[in-house]
Amino acid sequence: MVDGTGMGGSIDETAWQKSLTDLKTKHGEKTFDAWLSFMEPKSLTGQTLEIALPNALHINYIRANLMQSVKGCVAAHLDGVHDVRLVLHATRSPVKAKKRDAFPPPRDQISSPLDPRYTFDNFMVGRPNEFSYAAARRVAENFPTEFNPLFIHGGVGLGKTHLLQAIAAHVRQTRPDARVVYLSAERFVHAFVTSIQSGKIAAFKQTLRSADVLMIDDIQFIAGKENSQEEFFHTFNFLIDERRQMVFSGDCSPGDMALEERIRSRLNSGLVVDVHPMDYELRLSILLSKSKLYPKLGITEEVLAYLARNLTTSVRELEGALIKINAHVDISHQAVTIDLVRDLLQDMLRGASRRTTMREIQTVTADHYGLKRSDLLSRRRVQKIVRPRQVAMYICKLITTKSLPEIARAFDGRDHTTVMYAVRKIEALRKEDAEIDADIALLLRKLQG
Ligand code: ADP
Ligand code: MG
C-alpha cells in the first residue's frame, strides 16, 4: 500500500503484474514484448510511480506512443497511483539492488518474460501434440540432448509458445544455475538492432553465447532481415560447437522457411517435430482442464463437448469462449446451458462454421479489380494484375491462419518469398496510399461480412 507521506511507498507486485497483463491484452504481444516488457517499477513517490527502462529509445517510444495507456493501466491497478514517470535504469548501487529484489528482474535484459501459466503441468497431451510434448520434456529434463536444435513447428495457437516456455520454466526451476535465454525472434531482432545503435553489441552477443539453453520463438520473423540472420547464424554455430541446447519454433518447417539456405539446413539438423491441428478429444481435454479455472461456473461436460465440437481453430478460441461465458454468468447468474452458449457465442460459432478460404479471397479480390481469379494465379507481370495479386496474398496472410508457403502454393506454386514481399509491400502501401487502404478495407468487409 501507499504510505501517502511522499517518502516512497512499497509497490504491490501482484497489482503491477495485473497492469502488465492489461497492457499486453490491449496492445498485443508484439508491442508488449518489444517495448513494455522492459518496464520495471522502481519507486513510488507520493502518487507518482517511477518506471525504469534500459535505454532512451524505450523511454522515447513509450512516451510518444503508449504513455496514456501505461498511466491508465497502472492507475487502474495500483492503489493511489495517479501518475507515471519514465526513468533510465541507474547503474545499480548495492542498496538499490536490494530494493529491487521484490521484483526479480529477468536474468538478462534480453529474455522475454515467461507466462506463469505455460507449464508442462498445464499442457494437455493428445495425439496431435504428443511427439512435440515428449521432445520438449526430454530437452527440459536432459539438456544438452542429442537432438540439437529441437525445432517445433505448426499453425497458430497450437501450443508452440506454451511448450517453449514450459521448457524454460522447468529448467529455471530444476537447474537454477543454468542460464536460460528465451525470447521471441522479434525481440531478437529488436535487441540486436538497439544493441548496435547503443554500441552494446558485445553485451548482446555475450548474453546469447553464454546461454546453456537458447530458445527463440517464431523464428520465421527473422526472414528478410539479413543482418539479424547473419548474427543468428554465428550464434547458432557457436552454441552448437559448445554443445549448448537450442530450441526454436516456427510457423512452418525449416525447409519451407523464407530464410537463407545455410540457416534452413542448420535448423533442420537436429530434431524437427510438428504440432498438428487439435482433434476433438484434445479440444475437450483442454476445455475440461481450463474450465477448472472457473469452478463457480458449474459448466457441464455436455456444454464443453458442444464447444469442442464447434470451435475448432485454436485453443485461444476455446479460452475466449470460456472467458465470455464466465463474464456473462458472473453478471446474470444464469445456468450454463447449450442454448445460452449458442446465443452468447453466436459470432464465434458463425465464424467457425464459415471461415474465409483462400479461394474466396482470390475470387473476391479479382472481381473487385475487374479481373478473373485465373489472372491472379497466372504468371503475367503487368502492373494491373501484379498489384491485385499482391493484395490477395496480403489478405490471405491477414485473415487466414495459412503460412507463407501455404499461401504461395495456393497461388499456383509460387515461391514463398514472393508472398512475403507482397505482404510487406501492401503493408507499406496501406500506410501511404489512401486508395489502396480503402480498397482493402472494402474487400475485408466483403469477405468477413
Ligand atoms: P502458438 O505459439 O503455437 O501460436 P500458444 O502456445 O500461444 O500457441 O497457445 C495458445 C494458447 O493455447 C495458450 O494460452 C496455450 O496455453 C494454450 N494451449 C495450446 N495448446 C495447449 C495444450 N495442449 N494444453 C493446454 N493449453 C494449450
Ligand atoms: Mg507462439
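Residues numbered from 1 in each chain as written. Chains lettered and ligands numbered in written order. Predicted model: local features only at pLDDT ≥ 70, side-chain atom pairs only at ≥ 80, totals over all residues. Heavy atoms only, no water.

Caption draft 1: Inspection of the overall build of the protein chain at higher detail. Along the backbone of the protein chain there are 21 helices and eight strands. What you see for the protein chain is a C-alpha radius of gyration of 24 Å, in line with the 22 Å of a compact globule of 449 residues. A principal-axis box enclosing the C-alpha atoms of the protein chain has dimensions of 70 × 60 × 50 Å. Of the contacts made within the protein chain by residues no fewer than 6 positions apart, 72% connect residues no fewer than 24 positions apart. (Helix = DSSP H or I, 4+ residues; strand = E, 2+ residues; numbered from the N terminus. Rg over C-alpha atoms; globule rule 2.2 N^0.38 Å. Contact = heavy atoms within 4.5 Å.)

Caption draft 2: Spatial organisation of the pairing of strand β6 (residues 213–217). Summarising burial for β6: five of the five residues are buried, a large majority. Neither face of β6 is left uncovered, since the one carrying V213, M215 and D217 and the one carrying L214 and I216 both have all their residues buried. Bridging between strand β5 (residues 180–184) and β6 involves five bridges; their strand directions are parallel. Of the residues in β6, the one forming a bridge with V180 is V213. Two strands pair when backbone bridges link them, and β6 and strand β7 (residues 245–250) are joined in this way by four bridges, in the parallel orientation. Bridge assignment links M215 to a residue of β7, and that residue is V247. (Buried < 20%, exposed > 50% of the residue type's maximum accessible area, 1.4 Å probe, protein only. Pairing = 2+ DSSP bridges.)

Caption draft 3: Highlighting the site of ligand 1. Every one of the 19 residues lining ligand 1 counts as a neighbour, but M124, G157, K160, T161 and H162 are closest to it. Contact between ligand 1 and L158: an oxygen atom at 3.2 Å from a main-chain N or O atom of the residue. A distance of 2.9 Å is found between an oxygen atom of ligand 1 and a side-chain nitrogen or oxygen belonging to R316. Calculation on ligand 1 without its partners gives an accessible area of 550 Å², and the protein chains cover 96% of this total. Looking at the shell around ligand 1, the elements with two or more residues in it are α6 (160–174), α11 (280–291) and α13 (315–332). Its residues placed into classes, the shell around ligand 1 shows eight nonpolar, seven polar and four charged. (Near = heavy atom within 4 Å. Polar contact = N/O pair within 3.5 Å; in protein donor to acceptor, adjacent residues only side chain to side chain. Areas by Shrake-Rupley, 256 points an atom, 1.4 Å probe, with all protein chains shown as cover. Nonpolar A, V, L, I, M, F, W, Y, C, P; charged D, E, K, R; others polar.)

Caption draft 4: Representation of the confidence of the model for the protein chain within the structure. Taken residue by residue, the protein chain gives an average pLDDT of 87. The fraction at 70 or more is 92%. Mean pLDDT in the protein chain bottoms out at helix α4 (residues 94–100), which sits at 36, and peaks at β7, which reaches 98. Note that residues 92–106 has pLDDT below 50 and, in this model, 14 contacts with residues that lie over four places away or in other chains. (pLDDT = per-residue confidence, 0-100.)

Caption draft 5: Summary view of α13. Relative to the 26 Å expected for 18 residues at 1.5 Å per residue, α13 spans 26 Å between its end C-alpha atoms, a close match to the ideal helical length. If you check which residues of α13 are buried, you get V315, E317, L318, A321, L322, I325 and V329. Each buried residue of α13 sits inside an arc of 160° when the element is viewed along its axis, so together they form one side. Away from the buried face of α13 by more than 90 degrees, exposed residues R316, D330 and I331 are located. (Expected span 1.5 Å × (residues − 1). Arc of directions from axis to C-beta.)

Caption draft 6: Up close: the sheet that holds β6. In space, the five strands of this open sheet follow the order β5-β6-β7-β4-β8, with parallel pairing throughout. For this open sheet the edge positions go to β5 and β8 (271–274), each flanked by a neighbour on one side alone. Ignoring which end each strand starts from, the neighbouring axes of this sheet average 15° apart. (Axes fitted to C-alpha atoms, helices over the stretch in contact; angles between N-to-C directions.)

Caption draft 7: Spotlight on helix α9 (residues 226–241). Compared with the 22 Å implied by 1.5 Å per residue over 16 residues, the 23 Å span of α9 between its first and last C-alpha is a close match. If you follow the buried residues of α9, they end up packed against α7 (185–197), α8 (201–209), β6, β7 and α10 (261–267). Immediately downstream of α9, the backbone of R243 shows phi near 55°, a positive value.

Caption draft 8: Up close: the packing of helix α18 (residues 383–399) against helix α20 (residues 416–432). As a packed pair, α18 and α20 sit with axes 8 Å apart at the nearest point and diverge in direction by 95°. Overall, the two elements α18 and α20 adopt an arrangement that is roughly perpendicular. Here R387, Q390, V391, M393, Y394, K397 and L398 of α18 lie close against α20, whose contacting residues are T418, V419, Y421, A422, V423, K425, I426, E427, L429 and R430. Tallied by class, the residues present in the contact of α18 with α20 amount to ten nonpolar, two polar and five charged. (Parallel < 35°, antiparallel > 145°, perpendicular 65-115°, else oblique.)

Caption draft 9: Expanded view of the packing of aromatic side chains. In this structure the tally under the stated criterion is eight aromatic pairs. Note on F188 and F232: the rings are 6.2 Å apart at their centroids and 85° apart in plane angle, and the pair reads as edge-to-face. Here F232 lies in helix α9 and F188 lies in helix α7, a separation of 44 residues in the sequence. For F188, a relative accessible area of 1% translates into the label buried. A relative accessible area of 2% means that F232 is categorised as buried. (Phe/Tyr/Trp six-rings, centres within 6.5 Å; stacked < 30°, edge-to-face > 60°.)

Caption draft 10: Quick peek at the nonpolar core. Among the nonpolar cores identified, the biggest contains 57 residues, and F188, L214, I216, I219, F232, F248 and L267 are the most heavily contacted of them. Ranked by residues supplied to this core, first place goes to α18 with seven residues. Apart from residues no more than four positions distant in its own chain, L267 is found in contact with P149, F151, I219, F232, F236, F248, P254, L259 and V272. (Core = buried A, V, L, I, M, F, W, Y, C linked by side-chain atoms within 4.5 Å.)

Caption draft 11: Up close: the pattern of salt bridges. Tallied over the full model, the rule gives 18 salt bridges. With a shortest N-O distance of 2.7 Å, R262 and E260 are connected by a salt bridge. For the salt bridge of E261 with R264, the shortest nitrogen-to-oxygen distance reads 3.6 Å. Linking E261 with R264, this pair stays in helix α10, spanning three residues, or about one helical turn. (Salt bridge = Lys/Arg side-chain N within 4 Å of Asp/Glu carboxyl O.)

Caption draft 12: Region of the structure containing the side chain of R414. By secondary structure assignment, the location of R414 is in the loop between α19 (404–410) and α20. In this structure, R414 is buried with no salt-bridge partner, the nearest side chain bearing the opposite charge being D412 at 5.5 Å. Here L377 takes part through its backbone oxygen, which lies 3.4 Å from a polar atom of the side chain of R414. Discounting chain neighbours no more than four positions away, the residues touching R414 are L376, L377, S378, R379, R389, M393 and A408. (Lys, Arg positive; Asp, Glu negative; His and termini not counted.)

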